[in-house]
Amino acid sequence: MKLLLLLFFSLIFMVPVWGQQYRVLPIESYFRDVSFFTDSSFVPVFPVNDVQVNYYHTVKEQKKRYSSVGYFVYQRELIQLVKKEGAIWISPILDLQLGAERGDTNMRQYLNVRGIRIEGSMKNKVFFSGSFYENQAVLPAYLQQYVNNRGEFYPNVSDSSYYQVNAVIPGGARTKPFKTNGFDYAYATGMIQWQVLKDLAVTVGNSPVFIGSGYRSVLYSDNSLPTMNFRVSYSPGEKWNFQLIRMQGMNMLRIPFSTNGEALYERKALSLGAIYYQPTKHLRIGLIEGGTWTRGDSIQKQAVEGGFYIPIPGAATIQEGINGKSYAYLGLDFNWRIWKLLVYGQYGRNPYTKSSDVGQIGLRYWPFKSHNYLIHVEYNHTSANAYKAANPRIHYSNFNLPVGHPMGAGVDELVVRLRAEWNHLFISSSTNYYFNQSDNYRQLLPVYENNPSLNQTVFYENLEIGYNFNRAYGLEIFGSAKLRLLDNPLQKGQSYWFNIGLRTALNNHYFDF
């Protein structure tokens, strides 16, 4: 017992050795924002490591703290041991919010997230992390409608139809009921990354993946649930980078026969391949292919097609053309740094489907020489047939959620993000205006459905004022005011919310629609 106590207090009070450590960043939007500010020469396939983007040095508070409390709160993590041979960091995960909804409905909002995050590195060659989240939530009415429409399917024993139960939280997990109208869910993420050679890294785990330089990605985003993946990143020289990612996918559709206590879900597979070329220090251009692959259906399982293992972009496209057992998205991704401005964009489509184009154009501007001030403008478009395969089992989705734009097909969206921070106080504004958005929240589900949809416009504004304590793990308190205006041929709606909370901002949940 004495030995355990000695170890515990040694970890807490250990004076760190300053210097850059091999550490992979969380994928949350603020971490990505700062990564692009540093103007580092890195490929925008997230997560990235700190050696590439120098995040922790950039955000480290320069003020000297003389009290132990100030040092603990502002300049280190709860438990940390940092030496030349390796390091370990342990931090809490919190997102505690209380709020009220007004307008179309009058209900209390509630979010209670608790967890822990453990990270470590060994000899600046191997990094590992693990996070556990326990959640209870009462969501706004429009979000309840959305997540319930994404719930899991069970087969009806009397026929070949399905019925739907529970809900799926984007970026989270499937749920079970909590009190009258709430959701209870838990999930864990983790990864191990090995820097095999200077230019070769291998990663395995279920940490989210995001491709691109924007707030959204129309090619592949972290909107779905964490899924097991294997990733290889190889840079043969300074100008080229190759990315290979293979994933285990799921349709949240229970198979009809099971020897277990709970029937399993239908499996599918996902693939991502990227080749990036950097003609100049500040310009990066990438060829991207995303693919979904059938592994059978609810009756019969089958091995994934051999093309799944081809390690370059184009495999899913070829396989779809041969026998339709994959669905491909071919695209381009670029970013170009010009002084204090980053211009970026994406374009993609399925080669065999009309009106499947998706596109993005945006810019990030830092008006001062500081990551604390950001102006970010972005436009996203997805056509009427975007992400839709002929076989619904291989829509461009995972766990019943889109893996491109969170709202799927038929989207025209303007995003404006503003942020300013001074002496730990911050104010931020995030505006999403949908010129076009489908009111069909059941897009890309893995079953045959014919749901008529209406075009609607949506305005969503989130204004936050808060105080950040520690950017190493996103600890901050805040108050927010949100407004949502809806207009479609059948209804007009207005809702607004006021929230206060304490959180560690480490991952994303895209609720701004």
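Please refer to the structure higher up on the page.
Rules used throughout
- Residues numbered from 1 in each chain as written.
- Predicted model: local features only at pLDDT ≥ 70, side-chain atom pairs only at ≥ 80, totals over all residues.
- Heavy atoms only, no water.
- Helix = DSSP H or I, 4+ residues; strand = E, 2+ residues; numbered from the N terminus.
- Rg over C-alpha atoms; globule rule 2.2 N^0.38 Å.
- Buried < 20%, exposed > 50% of the residue type's maximum accessible area, 1.4 Å probe, protein only.
- Contact = heavy atoms within 4.5 Å.
- Areas by Shrake-Rupley, 256 points an atom, 1.4 Å probe, with all protein chains shown as cover.
- Lys, Arg positive; Asp, Glu negative; His and termini not counted.
- Charge placed at Lys NZ, Arg CZ, Asp CG, Glu CD.
- Pairing = 2+ DSSP bridges.
- Core = buried A, V, L, I, M, F, W, Y, C linked by side-chain atoms within 4.5 Å.
- Polar contact = N/O pair within 3.5 Å; in protein donor to acceptor, adjacent residues only side chain to side chain.
- 1 Å grid on protein atoms, 1.4 Å probe; cavity = no way out; pocket = protein on both sides within 12 Å on 5 of 7 lines; lining within 4 Å.
- Points joined across faces, edges and corners; volume = space filled by probe spheres on them.
- Nonpolar A, V, L, I, M, F, W, Y, C, P; charged D, E, K, R; others polar.
- Salt bridge = Lys/Arg side-chain N within 4 Å of Asp/Glu carboxyl O.

Enquirer: Which parts of the structure should I look at to understand the overall build of the chain?
Expert: Regarding its fold elements, the chain presents seven helices and 26 strands. Computed over the C-alpha atoms, the radius of gyration of the chain is 23 Å, within 12% of the 24 Å expected from 2.2 N^0.38 for a compact globule of 513 residues. C-alpha extents for the chain along the principal axes are approximately 70 × 55 × 55 Å. A total of 513 residues make up the chain; the buried ones form 58% of that total. Restricting the contact set of the chain to residue pairs at least 6 apart, pairs at least 24 apart contribute 62%. Split by element, the accessible area of the chain, about 22500 Å² in all, is 63% carbon and sulfur. Within the chain, the 37 negative side-chain charges are centred at a point lying 7 Å from the centre of the 49 positive side-chain charges.

Enquirer: Is there a simple way to explain the pairing of strand β13 (residues 240–254) in this structure?
Expert: Both faces of the sheet carry side chains from a regular strand, because those side chains alternate between them. Extensive coverage of β13 is indicated by the burial of 12 of its 15 residues. The pairing of strand β12 (residues 229–234) with β13 spans six bridges and is classified as antiparallel. The residue bridging Phe 230 from the neighbouring strand is Arg 246, located in β13. Where β12 folds back onto β13 in an antiparallel hairpin, the turn is made up of five residues, including Gly 237, whose phi is positive at roughly 105°.

Enquirer: Whenever I open this one, the nonpolar core confuses me. Can you help?
Expert: Here is a general trend for soluble globular proteins: nonpolar side chains tend to be buried in one another's company. Counting 59 residues, the largest nonpolar core has Tyr 55, Tyr 185 and Phe 513 as the members making the most contacts within it. Broken down by element, this core gets its largest block of residues, five residues, from helix α2 (residues 29–37). Those residues in contact with Phe 513 that lie beyond four places of it in its chain are Tyr 142, Leu 143, Tyr 146, Met 407, Tyr 434, Gln 437, Tyr 441, Val 458, Tyr 460 and Arg 484. If you look at the next biggest cluster of nonpolar residues, it comprises 25 residues, including Tyr 327, Tyr 387, Ile 394 and Tyr 396.

Enquirer: What should I look at first to understand unusual backbone geometry in this one?
Expert: Generally, phi is negative for residues other than glycine and the peptide bonds are trans, each holding for most cases. That bond from Phe 46 to Pro 47 is cis: its omega, 10°, falls within 30 degrees of zero. With respect to the helices, strands and loops of the structure, Pro 47 is situated in the loop between β1 (45–46) and α3 (50–53). Not every positive phi belongs to a glycine, and Asn 54 is a case in point at roughly 60°. Positive phi is not limited to glycine here, since Asn 166 has a value of about 60°. Residue Asn 166 is classed as partly exposed on the basis of its relative accessible area of 29%.

Enquirer: I tried to follow the side chain of Ser 271 on my own but got confused; where do I start?
Expert: You can see Ser 271 is positioned in strand β14 (residues 265–280). Side-chain polar atoms of Ser 271 contact the side chain of Trp 293, separated by 2.9 Å. The contacts of Ser 271, once residues within four sequence positions are left out, are Ile 245, Arg 246, Glu 289, Gly 290, Gly 291, Trp 293, Phe 308 and Ala 316.

Enquirer: For this particular structure, what's the right way to read empty space enclosed by the protein?
Expert: Sizing a probe to match a water molecule and rolling it over the atoms shows the empty space that remains. A full pass over the atoms with the stated rule returns six cavities of 30 Å³ or more. Looking at the second largest cavity, its volume works out to about 230 Å³. Along its surface, the second largest cavity is lined by 21 residues, and Ile 27, Arg 117, Thr 189, Ser 207 and Pro 208 are the ones closest to its centre. Here the element with the most residues in the lining of the second largest cavity is strand β5 (residues 126–138); it accounts for four residues. Taken together, the residues of the lining of the second largest cavity sort by class into 12 nonpolar, seven polar and two charged.

Enquirer: Help me understand helix α7 (residues 315–323) in this model?
Expert: Because the α-helix completes a turn every 3.6 residues, residues three or four places apart line up on one side. When we look at burial in α7, the residues that qualify are Ala 315, Ala 316, Thr 317, Gln 319 and Glu 320. Packed against the buried residues of α7 are β14, β15 (283–294) and β16 (326–338).

Enquirer: Can you help me understand the pattern of salt bridges in this one?
Expert: Under the criterion given, the structure shown has 20 salt bridges. Salt-bridge contacts for Arg 364 lead to Asp 33; the nearest nitrogen and oxygen are separated by 2.5 Å. Note that Arg 364 is positioned in strand β18 (residues 358–365) and Asp 33 in helix α2, a separation of 331 residues in sequence. Overall, Asp 33 belongs to the buried group, its relative accessible area being 6%. One salt bridge in this structure joins Asp 487 and Lys 492, with 2.9 Å as the shortest N-O distance. Here the residues in one salt-bridge network are Arg 419, Glu 421, Glu 464, Arg 471, Glu 476 and Arg 503, joined through shared partners.

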